[in-house]
Amino acid sequence: ALQAGIVGLPNVGKSTLFNALSNAKAQAANFPFCTIEPNVGVITVPDERLFELEKLVNPQRVVPATVEIVDIAGLVKGASKGEGLGNQFLGNIRNTDAIIHVLRCFDDDNVIHVDGSVNPVRDKEIIDTELQLKDLESVEKKISRLEKVARTDKDAAAGLEILKALKQHFEQGKNARGFSVNEKDREKYIDDIFLLTIKPVIYVCNVDEKSVITGNQYTEAVKEAVKDENAEILFISAAIESEIAVMESYEDRKMFLEDLGLKESGVVRLIRSTYHLLNLATYFTAGVQEVRAWTIHRGMSAPQAAGVIHTDFEKGFIRAEVIKYDDFLKYKSEAACRSAGKLAVQGKDYIVEDGDIMHFLFNV
Ligand code: GDP
């Protein structure tokens, strides 16, 4: 499953946010959350389209798409040198597909800051430095491996050049996600060392109640500091989220959010952004037994998308019947779509689009 890791210094609000996510099952029936380990939760991706399909198909069950969230606590200054349980936590980050970096952007004298004052840009740099040091280690290891063969191996020599440039990039205190390299070279020389700072990131500015919409001086500073990173920034109040999470009724939550001038909870915005950040799309299967959302990477072909359901579907793929979501809503059933000529038969080169309703035919 796709996984996003929550990182940040101690006391910035990571657990509060994680717990709000984990209590969010109270939010709606379509929003269940289960904790598989104390710090790992599975969250469903809110998607209105599932409700619409449910109304039309009336299936026995509805299964939404999910993302796993991991609370990676314990990152402190010196983690890359193995301080605290640092190294173990860095290992946890390696397994994630995206990073949710929580930054404290609220004042509260009752909440002690590990470094004595509220300064999200400094905090971000502390965490970044630990991750960069770890990445630097990985790059140096590969450089010394390549140096042994570069004299006789042209490929290795080319890789060496790129990795040396990357090393310099880290030494300037920059993250790998901002390193410019073409895709082919990245795949060939960089992807195999599983860098931490190359992972896509969302910065969550944990703000007080009155700054959720406008931001504040701290979020301004964060914005300025990350402007070259091509990263998403969200303003969320973990404190508000934990209040919302325990509200039982949908109406209460809606009113509470409206009073704050918000349309959606931060939790929902966060899940959406994660999905977007990972460049994911959803296709549906819609049968009487089950209406289900499946997560794919954008650009996947029909057989690859079938492989998300089962590897045998990919291997034995023959063709796919595809109905566009809007057509399904308009004609209201597969049969009606078929007679209206809105059911397309597609082969193995078809690129699945967000919202496609797929029916795969395959050999077993
Ligand atoms: P973590 O160490 O990053 O997981 O931080 P916690 O989630 O445990 O939060 C540390 C302290 O900050 C707790 O006492 C929280 O109640 C408090 N806290 C978290 N988020 C907010 C917030 O948005 N506003 C305020 N005022 N306090 C918060």
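Computed from a predicted model, the values in this text were never measured in an experiment. (Residues numbered from 1 in each chain as written. Predicted model: local features only at pLDDT ≥ 70, side-chain atom pairs only at ≥ 80, totals over all residues.)

A.B. asks: Help me out: how do you make sense of the overall build of the protein in this one?
C.D. replies: Per the secondary structure count, the protein includes 14 helices and 13 strands. Computed over the C-alpha atoms, the radius of gyration of the protein is 23 Å, within 12% of the 21 Å expected from 2.2 N^0.38 for a compact globule of 364 residues. Dimensions of the protein along its principal axes, counting C-alpha atoms only, are 65 × 65 × 35 Å. In the protein, which comprises 364 residues, the proportion classed as buried is 34%. Restricting the contact set of the protein to residue pairs at least 6 apart, pairs at least 24 apart contribute 67%. (Helix = DSSP H or I, 4+ residues; strand = E, 2+ residues; numbered from the N terminus. Rg over C-alpha atoms; globule rule 2.2 N^0.38 Å. Buried ≥ 20, exposed ≤ 12 C-beta atoms within 10 Å, placed from the backbone. Contact = placed C-beta atoms within 7 Å.)

A.B. asks: What's the story with the UniProt feature "binding site: ATP" (unreviewed entry) in the protein in this structure? I'm lost.
C.D. replies: Mapped onto this numbering, the UniProt entry gives "binding site: ATP" (unreviewed entry) at Asn11, Val12, Gly13, Lys14, Ser15 and Thr16. Structurally, Asn11 is set in the loop between strand 1 (3-7) and helix 1 (14-23). Not counting residues up to four positions away in its chain, the partners in contact with Asn11 are Val111, Ile112, His113 and Val114. Given 26 C-beta atoms within a 10 Å radius, Gly13 is considered buried. Here Gly13 is in contact with Val102, Arg104, Asn206 and Ala238, once residues within four sequence places are set aside. (UniProt positions renumbered as here; feature names shortened; annotations may be inferred.)

A.B. asks: So what exactly am I meant to see when it comes to helix 7 (residues 217-225) here?
C.D. replies: What sets the pattern is the α-helix's 3.6 residues per turn: residues three or four places apart point alike. By the burial criterion, the buried members of helix 7 are Tyr218, Thr219 and Val222. Buried positions in helix 7, seen along its axis, are confined to an arc of 95° and lie on one side of it. Seen from the open side of helix 7, the exposed residues pointing more than 90 degrees away from its buried face are Gln217, Glu220 and Glu224. At its buried positions, helix 7 is contacted by strand 6 (98-104), helix 4 (120-147), strand 7 (201-206) and strand 8 (232-236). (Arc of directions from axis to C-beta.)

A.B. asks: Please explain the site of the ligand as it appears in this structure.
C.D. replies: The immediate surroundings of the ligand are formed by 17 residues, with Gly13, Lys14, Ser15, Thr16 and Ala239 found nearest. Taken together, the elements giving at least two residues each to the shell around the ligand come down to helix 1 and helix 8 (238-245). Per element, the largest residue contribution to the shell around the ligand is 3 residues, and it comes from helix 1. For the shell around the ligand, a count of residues per class yields 7 nonpolar, 7 polar and 3 charged. (Near = placed C-beta within 6 Å. Nonpolar A, V, L, I, M, F, W, Y, C, P; charged D, E, K, R; others polar.)

A.B. asks: Is there a simple way to think about the packing of helix 4 against helix 7 in this case?
C.D. replies: Two quantities define a packed helix pair, namely the angle between the axes and the distance from one axis to the other. Direction vectors running N to C along helix 4 and helix 7 enclose 45°, while the axes themselves pass 8 Å from each other. By the angle between their axes, helix 4 is oblique relative to helix 7. Seen from helix 4, the contacting residues are Pro120, Val121 and Lys124; seen from helix 7, they are Tyr218, Ala221, Val222 and Ala225. Each residue belonging to the contact of helix 4 with helix 7 can be placed in one class, and the counts come to 6 nonpolar, no polar and 1 charged. (Axes fitted to C-alpha atoms, helices over the stretch in contact; angles between N-to-C directions. Parallel < 35°, antiparallel > 145°, perpendicular 65-115°, else oblique.)

A.B. asks: Explain the UniProt feature "domain: TGS" (unreviewed entry) in the protein to me, please; I cannot follow it from the model alone.
C.D. replies: Per the UniProt entry, the sites bearing "domain: TGS" (unreviewed entry) are residues 279-362 in this numbering. Helix makes up 31% of residues 279-362 and strand 37%, with an end-to-end C-alpha separation of 27 Å.

A.B. asks: Just checking my understanding: could you explain the pairing of strand 9 (residues 280-286) for this structure?
C.D. replies: A regular strand places its side chains so that they alternate between the two faces of the sheet. With 5 of its 7 residues buried, strand 9 lies for the most part within the structure. Sheet topology places strand 9 next to strand 10 (residues 290-297); 7 bridges connect them, and they run antiparallel. Residue pairing across strands places Leu280 opposite His297, the latter belonging to strand 10. Taking the residues that link successive antiparallel strands as the turn, the strand 9-strand 10 hairpin has 3 residues. (Pairing = 2+ DSSP bridges.)

A.B. asks: Quick question: what am I supposed to make of unusual backbone geometry here?
C.D. replies: One can expect most non-glycine residues to show negative phi and most peptide bonds to be in trans. Its identity is not glycine, yet Asn11 carries a phi of approximately 70°, on the positive side. Accessibility expressed as a C-beta count within 10 Å gives 14 for Asn11, which makes it partly exposed. In this structure, Asn279 takes a positive phi of about 60° despite not being glycine.

A.B. asks: Sorry if this is basic, but what is going on with the nonpolar core here?
C.D. replies: In a soluble, globular protein the nonpolar side chains are often hidden away together inside. Residues Ile6, Ile69, Leu103, Tyr203, Val204, Cys205 and Ile271 are the most contacted members of the largest nonpolar core, which totals 58 residues. Two domains share this core, each providing at least three of its residues, namely domain 1 (3-47 + 64-111 + 199-277) and domain 2 (127-193). Once residues within four sequence positions are removed from consideration, Ile69 is found in contact with Ala4, Ile6, Phe18, Leu21, Gly41 and Ile43. Counting residues in hydrophobic clusters, the runner-up holds 24 residues, among them Ala305, Ala306, Cys337 and Met358. (Core = buried A, V, L, I, M, F, W, Y, C linked by C-beta atoms within 7 Å. Domains from an automatic or database assignment.)

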